[in-house]
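# Overview (structure and organization)
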Amino acid sequence: MPARSNDHAKKHSAGWLSLAALALCMLGSACSREKQQEVQQLPDTQPNENGNQPNAAKTGPKNVVYIEVNNNHMANAGCYTMKGNGQPFFDIAIIFAANINYDTQAKKAVLYNNPNVTNVLNNKATFIKPLQDKGIKVLLSILGNHQGAGFANFTSRAAAKAFAQQLSSTVTTYGLDGIDFDDEYAEYGKNGLPQPNDSSFVFLLDELRKLIPTKLITLYNIGPAAARPSYGGKKIGDFVNYAWNPYYGTYAAPNFAGMTKSQLGPAAIWINHTTVTTAKSLVTRTMNDSYGVVLYYDLNQTNNQSYFNTLGLVTQKDSVRLSSGCLRALN
């Protein structure tokens, strides 16, 4: 990574009427078995100790975080929650990172997971499932690896499809929620491989979307792939769910045809490297400009509750809590 309603009111009215009916039943008034069953099946609508509706939807932009799994524990993304409704502060946690490598014998691009990424994937009950159980989407980021292979230099749709199949298989095998693309460090031209072309990344996205139609595809807006946004009447915005600014401490909204503000993240924050003053300014601009994503990088086991609290009060209009004893070191 570089430096890196009315209906609502009606539902509550119906709930109070049903509770009143239950009270009459308990006092001996006439009440059918059907009415008792209806009342008993009502969801819990009592406010929590903070006076907020439990499990209420979180407001504000989505908070996305990259976690360097060579050094840090994925599960830490679930340690920070909103005080009012208990929802997780982070909406998307990204395993950083797997690689696109080049197999010189087979002469094709291959997906490579280093030992630390492999450990996360093979132990999804420890690293992935706890986050998903809290409602956090877990994605795998794919990064170049100095071997000449990248998302931008597939020379045919068939080659792009073959790599997309590897990505899809990984998503399915490990129960992931999607794939993130980061076109850095490919070193296009190495190993005799071609330079980037206009069709490659669009072909790759097109084929991957066919394979994982309901999963997330996200883009770290950097490199030759992101710089070639369309081909043959199709465009990056047709396939990508979210895209964000890759330069930490800065504010720059990606611009892809077909993507709305709700899908874009202009604020990029390197946790505790971007000062809290700068970070607050970035998220405030995000809110004022009505964008839908804030990007964070490098979550570790340090207690960052105060840092996130300052920002959560802006983006979610609520305090951020840290669950006691939750943060973990990798080893």
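Described in the following lines is the structure provided in the data block. Counting restarts for each chain: residues are numbered from 1 in the order of the written sequence. Note on the predicted model: pLDDT of at least 70 is required for a residue's local features to be given, and 80 or more for side-chain atom pairs to be given and counted; whole-chain, interface and lining totals, by contrast, use all residues. The side-chain figures draw on all heavy atoms in the structure; neither hydrogens nor water molecules are used.

## Thoughts on the state of the cysteines
This is how the line gets drawn: Two cysteine sulfur atoms form a disulfide, by the criterion used here, when they sit within 2.5 Å. Where helices and strands are cited, they refer to DSSP runs of H or I of at least four residues and of E of at least two residues respectively, numbered from the N terminus. Think of it in three bands: residues with accessible area under 20% of the maximum for their type are buried, residues over 50% are exposed, and the middle band is partly exposed, with areas taken using a 1.4 Å probe on protein chains only.
Tallying each qualifying case throughout the model produces one disulfide. Covalently, Cys 79 is tied to Cys 326 through a disulfide, its sulfur atoms 2.0 Å apart. Its S-S torsion of about -80° marks the bond between Cys 79 and Cys 326 as left-handed, since a negative value means left-handed. Residue Cys 79 is located in the loop between β1 (62-68) and β2 (80-82), and its partner Cys 326 is located in the segment after β14 (320-322); the two are separated by 247 residues in the primary sequence. In terms of burial, Cys 79 and Cys 326 fall into one category: buried.

## Examining the packing of helix α9 (residues 276-288) against helix α10 (residues 305-315)
Under the convention used in this document: Axis lines are fitted to C-alpha atoms, over the contacting stretch for helices. Their N-to-C directions set the angle, which ranges from 0 to 180 degrees. Relative orientations are named as follows: roughly parallel for angles under 35 degrees, roughly antiparallel for angles over 145 degrees, roughly perpendicular for angles from 65 to 115 degrees, and oblique for any other angle. Handedness of a crossing is defined here by the sense of rotation of the near helix relative to the far one, left-handed for an anticlockwise turn of less than a right angle and right-handed for a clockwise turn. By the convention used here, residues are in contact when the closest approach between their heavy atoms is within 4.5 Å. Only Asp, Glu, Lys and Arg are considered charged in this grouping, and only Ala, Val, Leu, Ile, Met, Phe, Trp, Tyr, Cys and Pro are considered nonpolar; every other residue, Gly among them, is considered polar.
Direction vectors running N to C along α9 and α10 enclose 20°, while the axes themselves pass 9 Å from each other. Taken together, α9 and α10 sit at an angle that is classed as roughly parallel. Crossing handedness for the pair α9 and α10: right-handed. Touching Val 276, Ala 279, Lys 280, Val 283, Thr 284 and Met 287 of α9 are Tyr 307, Thr 310, Leu 311, Val 314 and Thr 315, all from α10. Across the contact of α9 with α10, the residue classes break down as seven nonpolar, three polar and one charged.

## Quick look at the pattern of salt bridges
Where charged atoms from two side chains of opposite charge approach closely, those side chains can pair. What counts here: Each salt bridge in this description consists of a side-chain nitrogen of Lys or Arg and a carboxyl oxygen of Asp or Glu lying within 4 Å of one another.
This structure, assessed with the given rule, holds nine salt bridges. The partner of Arg 228 in a salt bridge is Asp 198, and the shortest N-O contact between them spans 3.6 Å. With Arg 228 in the loop between α8 (223-226) and β8 (230-231) and Asp 198 in the loop between β6 (178-182) and α7 (200-211), this residue pair connects regions lying 30 residues apart in the sequence. Residue classification places Arg 228 among the partly exposed residues on the basis of a relative accessible area of 25%. The partly exposed category is assigned to Asp 198, whose relative accessible area is 45%. Between Asp 206 and Lys 234 there is a salt bridge; the shortest N-O distance is 2.8 Å. Placement of the pair is Asp 206 in helix α7 and Lys 234 in strand β9 (residues 234-235), with a sequence separation of 28 residues. Of the residues examined, Asp 206 reaches a relative accessible area of 4% and is grouped as buried. Judged by its relative accessible area of 35%, Lys 234 falls in the partly exposed class. A network of salt bridges, in which partner residues are shared, links Arg 157, Asp 206, Glu 207, Lys 210 and Lys 234.

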